[in-house]
Amino acid sequence: MSVMEPGQNLTTISANISEETLNPGRRLWWWGGFLVAVAFTALFVLAIEYLFIAGIGIWGVDIPVAWGFAIANYVWWIGIASGGTIISALFYLTQSEWRSAVNRIAESMTLFAAAAAGVMPILHLGRPSFFYWLFPIPNTMGLWPQFRSPLLWDFFAILTYVVSSVLFWYLGLLPDLALVRDRATTYRRQLFYGIAALGWTGSHTQWRLHKTAYGLLAALMAPLVVSVHSIVGLDFSGGLLPGWHSTQFSPFFVFGAVLSGFATVLLLVIPVRRLYRLETYITAHHLNLLVIFMLLCSLLLAYSYLIDALLPFYGNDEYERAVAIHRFTGEWAWSFWAAVGLNVVIPQLLWFPRLRLRLWLVCLVSFGVFVGMWCERIMLVTSSLYEDFMPSAWGHFTGTVWDWSTLLGSVGFAAAGFFLFLRYVPVASAYELKELLPPAERHG
Amino acid sequence: MSRRFWWRSFAERADDPDYLAAIAHEFPEPHGEGGVDRRRFLQLVAASAALAGLDGCSSLPPEHIVPRVEPLAGEEAGVPRYVATALVQEGYATGAILQHRMGRPVKLEGNPDHPASLGAADATLQAAILDLYDPERSAAVLNSGRVVDWNKLTLLLAGKRTDWAKTGGAGLRILTGRMTSPTLAAQLAALLKQYPGAAWHQWEPMSRDAVAGGANLAFGKPVEALPQFDKADIVLAIESDAISSAPGHLAYARAFAERRRAAETGQGKMSRVYAIEATPTLIGASADHRFALKPAEIETTLRAIAAAVGAGPNEWQDGDRPHWVDAVVADLSTHKGVALVHAGAEQSSTIHSLAHAINAALSAPVRYIEPVAVGAADIKSLAAEMHAGKVDTLLILGGNPAYDAPADLGFVEALKRVKLSIQLATHADETAAVAAYHVPALHPFEDWGDGRAFDGTAAIVQPQIRPLVPGHSAAEMIALLAGAQTLDPRKQVIDHWRQTTPGDFDTVWAGWLRRGVIPNTAAGAASVSLRGDFAASLPKPAAAPGLTVLIRPDPFLRDGAQANNGWLQELPRPLTRLVWDNAALIAPATAKRLELGPEDVVEIASAGGAKVRVPALVAPGQAEDCVTLSLGFGRTAIGAVGRDVGVDVGRLRRAGALWQTGATLHPTGEHATLATTQHQQNMAGRDMVRTRPLTAAEDKHETVEASLYPRHPYDGNAWGMTISLSSCIGCGACTAACQAENNIPVVGREEVMRERAMHWIRVDRYWGGTPDAPEIAFQPVPCMHCEDAPCEVVCPVGATTHDSDGLNVMVYNRCVGTRFCSNNCPYKVRRFNFYGYSGNDPRPAMSWNPDVTVRGRGVMEKCTYCIQRIREAKIAADRDDRPIRDGEIVTACQQACPTQAIVFGDINDPKSAVSTRKATPLDYALLEELNTRPRTTYAARVTNRNPAIAEG
Amino acid sequence: MSALVAEFASEAGAVGAAFRLREEGLTAIEAYTPYPVEALDAILPRPRRALPVLVFAAGMLGLAGGFLMQWYGAAVSYPINIGGRPDASWPAFIPIAFEIAVLCAISAGFIGFFALARLPKPYQPIQALPGFERASQDRFFLSVDAADPHFDAARVTRAVEEFAPCSIVPWPS
């Protein structure tokens, strides 16, 4: 399987890639999808407004379960975001040619997922208007943040991750913005993309700097994304709660994150490839590799699940055991079994090469992982909280309509962003595709 | 998504035109409006109640008025003043000291000089302060629902007096509750002399007739028996209320607990307690042996015991009886002089007489005194006269008979046949709705009066604040009937005591007010001897009905008079942990037999034909075929807090059978959800409450402390607390005290059901053993103030930190509300303001404790060891340049605790009370394996079981 | 005239021409290509290698600065007793120090790139060259600066022509 169908040259690639941005034509599916996404975004805004007016009492959180959907959503989204970074950064370093066709889609997905994730911790606060107190900024009391708190580590991790993702994305996008600028016919587009391209001419000096800079950023993004999810894991294992206080949480969270990331990338790449007629550039080869990596992550996650389920019974901590048993049989057992089923069991179908080529099936499995990973997050949050050390303090947790609105709304929010990306930004990296051309084809 | 609060029904109330009319003069705004926005409406209610402090003084002579804008005499900003008074509950007085801030009473504490308090205060007592500030108190004279002027009533009565002068007061009737007030009693006596045709009746819903009846059966006179737990090695409690609600229960609990923690303190000998009861009680919970028997069985068993100790004929021992009875008898008879029996007020006269007989036979440590309460005709005869139309004028002084009178008397109908009925009450309640006139009563903290304690000691009730509503007092009403030249209640009280006091009255009077007690007024000892024909005179035991309904006072609402009190409504009931609800307690076996699921609604039909529908609650320790229902709920006419909360089971009561009745029960198929604060009922095999047999109380419990970090030094004071689980009786006084002291808002039924109760100290109740014969353990859980606090490390903004004394402090205005601290607290003692609870609390601003921050929305809060009290003592100590004395700082929970289970102090001082308590081998830290190094530790519960009785 | 600009349709042509020009001893050559042409790296003058040093320095600075900030805040400026832990509990300061390091490094790399590439510069004269818009699509441009000491329009034209350029134009004409 090749990374590009034959019959391509510089001219066709330039045309095909920029065409989608410049003359999209009447795309009903785009408007349909975009409007639905906007509707859910409106729900998101409504839920947030009511939250700010009434207070987080509108959610299901209580004592003992003081963390609920907001944290689960956050962990879920930030995990999904990892997909783009892994593909564009890690596989750039390993010089995997196939990444070039899909990295733009993946990176853009990362941006909007990270945005959705970034909102959650702020909504989660009892007093959201004071979230900036986590910044180490001078104040009249001379107070500092409390640097020992995993939540603060997380705050810095997210800050770094979001900023870096934007910079990395934009750096990679620059030459293609220039391409669109140069092919643009209307004044307004020339102006818009002209400003966005910042005067990129494609001079050899620029190219060499660009290569160096992009390489350096990629080399930094790869460890960054790992650190981010390790720290998210520490948000939990930094506490002393049974089920949270575990040494394997950092890798565990990285595995889960990458799995959800790949699943979401597949979930987006497959339809976009079809709708934008990108089969030439995103070939079966690409999808096959992505699916194999998803399967790999699913196996890694399976290992973590296994360890998490077995260790309590290996050690002799009665609280750990109790929580493990609650996870299998308790009030939220459904979320545990859903996670196991959707993230570990079903993906095993993808061992069969023939099934890997059934795109609708791949989509289904990926969607299953997309959902399953949320189940895992909510399972991790609640099942350790509602029955921990003191029996007298054991309680329950149920999400309210506002919890669910926030979750669905955030999906709409991220989706709306992605639709805008599809409309206004080249969906594949033209210059990197051109690099893939055999020397014979490198002409206009 | 419904966000409804506990006064939710206020909006409906606001549409009720009568109610609006009644309160119209207090705040016109809502008048005429259809739907008034609840929040706005409540603000008005609260505001008006506060304003009443200014404008509500019209009934007082102008020269008394001191505008609040000027500082009161001797008032110093930030410095509290303490004023003694007494609170008369169910007729008996308990001494109290009110803490005043800027002239406002903000906190009630027990009066150490008063025999019924000894410095402690139970929940109902402490909640009285909230009643004072209740914005829904009645504030106007009502004539069949319409607001009228007080003078209209006085003129009317002036006319009446001329008639009575002729008729000798024929047709004049006065109804009061139990009466121990010397002044009122004297006033009434005088009135009856003035109008020979008039009559005085009494109705006390919390009747103690059976107690008096028992004494009559045993001794031929209604003496009162005061058990002396300090002298009792063996206690046999027959569903005893001695440490929970009997008159003097605070004093009893103190003495009881001192003997229970003997192993801990090394002082004296630990007592052994047997409890025989049909429904669990507090004393049953702390007993060494607890036996659940049906009422009929209790009587036969008690007869057997009586016979065995030689207080009854031998045939009483015939028939089979439980295996343990012989062991109990042996224990009792080998402890003559130091063993006593006590039966609860709800037990039959027969049982009380048997208890007396056994005590006599054992020459038990019991003091007999002449009755403290002044008797009068009962309500039955009054109702009969009313039905017969013989009653022309009825004055109801306090009380709410339309709600709580025995159903078979048809009191409401009877009341309608009375030409002129006048009720004096704090709320426009059920009776006010029927009575011709309703007169707003002053709260005891606004009124003059007096009352006697369980042992007869008298105390003066003196006002603590200028009336918040234009109310009237009982003394005033009686004086009005008598046509006295002055109605001033203060004058009535002073005049009465002046007559009975020799010497310079004014100085002694001042002394009485200062100390809150009138010395040497305790009732004289009564000489008693068992009647010869006692055994023979006992009524034959009644045949046991299939199913017995036990009608019991709610632990906190009691007869329901305080039903509008949010603190009491939301205070978890000691044994059921229920709030805002009453339920039908059913034994697990019975529930299984009837195939009742938890919270299934059952319909209970009494022998009298009355029916109630109540959610069932399976209660371990309940006797089989016995259903316990609690009074005080289902109020229909009261403030919005207590209105329609729970079910009124009072309608099952009959004049002959107030406390129990045969009944039938069947499921309705309906299902209800009960609000509770504890969902897991046993310890799940964990050692939260550690129990040790007395024999093993000495072995030291070893703890290993390991840490990578050097231990943080605390050179100055190091505050710590210890809680004796042998002493704790689970009464909940600590929780109430904490709520009052620390401005803890009431969150309401819905929010409790969403697991958001705010109490800083909770009393956990665990069932152990088997469901039918459970062990019951209580454990108060405040913040542990861990030295290596897990909550602090995870806070990203440092909103919770340690201070130099080692307190785990919560900085409200730094908190951003991540709630990680609560997750990471293994004891789950942190509470979060999910909504702006304090802002929504309708209590007037003037009622909050100004020393404690009122928390806003979105911040975490928790027990602070009453840091405001620590600081106060620290400042005082610094001012006179001395170290803080041991015992100088008393936390609110410690202060209220009747059993002194809680001790607080400096653990750096080896001689401090807390250090000595912690030195006991029984001392242990909760979840110590987590190595959090709690400053709060527990003394394991010691049991003193009778080896002759097999376990379970 | 300040430069000669040759336009090629294929990578091979452009690379060949560039190589020949170098042989001619010309140095002031710049290429404009739709994608990075590695073959040119060896031929055209290499830009300063400042970027990696910059990024590394920024990273180290961020690491040290981040750690010092935490140590100063927790142990010097406002030490408070948090759960009995030491004021300077350094292991807990590592994650934030690392994140700050990465943030600094990445920002430095991004900003450094634009600084060294003399961007943003929305308009550059060469962009006015007719057909230059294809430099980002499918054409390869070589521009030889007239300021080059060895510059001779005739020689340059001759050197380039054998690689079949689409056009050779003096710019600006």
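Placed above this text is the structure.
About the criteria used
Every chain's residues receive numbers from 1 upward, in the order its sequence appears when written. By the order in which they are written, chains take letters starting at A while ligands take numbers starting at 1. Reporting of local features is limited, given that this is a predicted model, to residues whose pLDDT is at least 70; pairs of side-chain atoms are given and counted only at 80 or more, and all residues count toward the totals for whole chains, interfaces and linings. Here the side-chain values reflect all heavy atoms present in the structure, with hydrogen atoms and water set aside. For this analysis, residues touch if any pair of their heavy atoms sits within 4.5 Å. In what follows, salt bridge is the name for a side-chain nitrogen of Lys or Arg lying within 4 Å of a carboxyl oxygen of Asp or Glu. Under the DSSP-based scheme used, a helix requires at least four consecutive residues in state H or I and a strand at least two consecutive residues in state E, with every element numbered from the N terminus. Each axis is a line fitted through C-alpha atoms, and for a helix only the stretch in contact is used; angles between axes span 0 to 180 degrees, taken between their N-to-C directions. Working rule for angles: under 35 degrees goes down as roughly parallel, over 145 as roughly antiparallel, 65 to 115 as roughly perpendicular, anything else as oblique. We call a crossing left-handed when the near helix sits turned anticlockwise from the far one by less than a right angle, and right-handed when that turn is clockwise. Classification convention: Asp, Glu, Lys, Arg as charged; Ala, Val, Leu, Ile, Met, Phe, Trp, Tyr, Cys, Pro as nonpolar; all other residues, Gly among them, as polar. Strand pairing is defined by DSSP finding a minimum of two bridges between the two strands. Throughout, the accessible surface (probe 1.4 Å) given up by two parts as they are put together, summed over both, is called the buried area. Think of a patch as exposed residues, more than 30% relative accessible area, with no salt bridge, where like charges cluster within 9 Å and nonpolar side chains (Val, Leu, Ile, Met, Phe, Trp, Tyr) cluster within 5 Å. Computed by Shrake-Rupley with a 1.4 Å probe, the accessible areas treat only the displayed protein chains as cover when residues are assessed. Relative accessibility thresholds used throughout: buried, under 20% of the residue-type maximum; exposed, over 50%; partly exposed, between the two (1.4 Å probe, protein chains only). Cavities and pockets are found on a 1 Å grid laid over the protein atoms alone: a cavity is a set of points where a 1.4 Å probe fits but cannot escape, a pocket is an open set with protein on both sides within 12 Å along at least five of seven lines, and a lining residue has an atom within 4 Å of such a point. Grid points are joined across faces, edges and corners, and a volume is the space filled by probe spheres set on the points. Expected helix span is taken as 1.5 Å per residue step, with the number of steps being one fewer than the number of residues. At any given residue, the bend is defined as the angle formed between two axes, one fitted to the seven residues that end at that position and one fitted to the seven that begin there.

Caption draft 1: Broad picture of the interface of chain C and chain A. If you look at the interface, chain C gives 64 residues, while chain A gives 58 residues. Glu-11 of chain C is paired through a salt bridge with Arg-442 of chain A; the nearest N and O atoms lie 3.1 Å apart. No other element matches the 15 residues that helix H4 (residues 94–116) of chain C contributes to the side of chain C that touches chain A.

Caption draft 2: Spotlight on the packing of helix H9 (residues 284–314) of chain A against helix H10 (residues 318–329) of chain A. Residues and elements named next belong to chain A. Where H9 meets H10, the closest approach of the two axes is 8 Å, and the angle between their N-to-C directions is 140°. Between H9 and H10, the crossing angle belongs to the class labelled oblique. The way H9 lies across H10 gives a crossing that is left-handed. When H9 is examined against H10, the residues Asp-308, Ala-309, Pro-312 and Phe-313 are found in contact with a partner set consisting of Glu-320, Arg-321, Ala-324, Ile-325, Arg-327 and Phe-328. A per-class count over the contact of H9 with H10 returns six nonpolar, no polar and four charged.

Caption draft 3: Fine view of the sheet that holds strand E5 (residues 146–147) of chain B. All names here are of chain B. The strand order across the open sheet built from seven strands is E5-E4-E16-E15-E14-E6-E7, with neighbouring strands paired in mixed fashion. Looking along the sheet, the strands with just one partner apiece sit at the ends: E5 and strand E7 (199–202). In this structure, strand E15 (residues 420–425) lies alongside strand E16 (residues 437–440), joined through four bridges in parallel fashion. From the neighbouring strand, Ile-422 faces E16, where its bridge partner is Tyr-437. Where helix H14 (residues 379–387) meets the sheet, it contacts strand E6 (172–176), E7 and strand E14 (393–397), and its direction lies at approximately 125° from that of E7.

Caption draft 4: Spotlight on the interface of chain A and chain B. On the side of chain B, 56 residues touch chain A, which itself brings 55 residues to the contact. Contact between chain A and chain B buries roughly 4500 Å² in total, counting both sides, with carbon and sulfur atoms accounting for 57%. The interface formed by chain A and chain B holds one salt bridge in total. With a closest N to O distance of 2.7 Å, Lys-828 of chain B and Asp-388 of chain A form a salt bridge. Of all the secondary structure elements, the ones that give two or more residues to the side of chain A that touches chain B are helix H2 (28–54), helix H5 (150–183), H10 and helix H14 (401–424) of chain A.

Caption draft 5: Molecular detail of a nonpolar patch on the surface. Residues and elements named next belong to chain C. The grouping of Phe-56, Met-60, Leu-63 and Phe-98 at the surface amounts to a nonpolar patch, some 370 Å² of accessible area in total. Per element, the largest residue contribution to the nonpolar patch is three residues, and it comes from helix H3 (residues 50–77). Using a relative accessible area of 30% as the deciding quantity, one classes Phe-98 as partly exposed.

Caption draft 6: Layout of the sheet that holds strand E22 (residues 611–618) of chain B. Residue and element names in this part refer to chain B. The mixed closed barrel is built from six strands, whose spatial order is E19-E23-E20-E22-E21-E24. Going from strand to strand, the sheet's axes swing by 45° on average, the running direction of each strand aside. Both strand E20 (residues 584–586) and strand E23 (residues 626–630) contribute to a ladder of two bridges, which runs antiparallel. Paired with Leu-585 across the two strands is Thr-628, which belongs to E23.

Caption draft 7: Spotlight on the packing of helix H7 (residues 204–237) of chain A against H3 of chain C. Between H7 of chain A and H3 of chain C, whose axes approach to 9 Å, the crossing angle comes to 25°. Our classification of the angle between H7 of chain A and H3 of chain C gives roughly parallel. When the axes of H7 of chain A and H3 of chain C are compared, the crossing they make is right-handed. Between H7 of chain A and H3 of chain C, the contacting residues are Leu-209, Thr-212, Ala-213, Leu-216 and Leu-220 of chain A on the first element and Leu-51, Pro-52 and Val-55 of chain C on the second.

Caption draft 8: Local environment of empty space enclosed by the protein. Residues and elements named next belong to chain B. One pass over the full model with this rule turns up 19 cavities of 30 Å³ or more. In this model, the second largest cavity occupies a volume close to 370 Å³. Along its surface, the second largest cavity is lined by 29 residues, and Thr-677, Gln-678, Ala-757, Arg-762 and Arg-831 are the ones closest to its centre. Here the lining of the second largest cavity gets three residues from one element, more than from any other, and that element is strand E27 (residues 762–769).

Caption draft 9: Summary view of unusual backbone geometry. Across the junction of Ile-63 of chain A and Pro-64 of chain A, the peptide omega takes the value 15°, indicating a cis bond. As for its position among the elements, Pro-64 of chain A is in the loop between H2 and helix H3 (69–93). Even without being glycine, Leu-198 of chain A reaches a positive phi, approximately 55°. Turning to its location among the elements, Leu-198 of chain A is positioned in the loop between helix H6 (187–197) and H7. Owing to a relative accessible area of 18%, Leu-198 of chain A belongs among the buried residues under this scheme. Positive phi, close to 65°, is recorded for Glu-599 of chain B, a residue that is not glycine. Position of Glu-599 of chain B relative to the elements: it lies in the loop between helix H23 (588–593) and strand E21 (600–606).

Caption draft 10: Looking closely at the pairing of E27 of chain B. Residue and element names in this part refer to chain B. Burial of E27 is extensive: six of the eight residues sit out of reach of the surface. Relative to strand E28 (residues 774–781), E27 runs antiparallel, the two being bridged by eight bridges. Across the sheet, the residue bridging to Arg-765 is Phe-778, located in E28.

Caption draft 11: Expanded view of H5 of chain A. Residues and elements named next belong to chain A. Compared with the 50 Å implied by 1.5 Å per residue over 34 residues, the 49 Å span of H5 between its first and last C-alpha is a close match. Bending of H5 peaks at approximately 45° at the position of Leu-174, with proline Pro-175 no more than four residues after it. Burial of H5 is extensive: 28 of the 34 residues sit out of reach of the surface.

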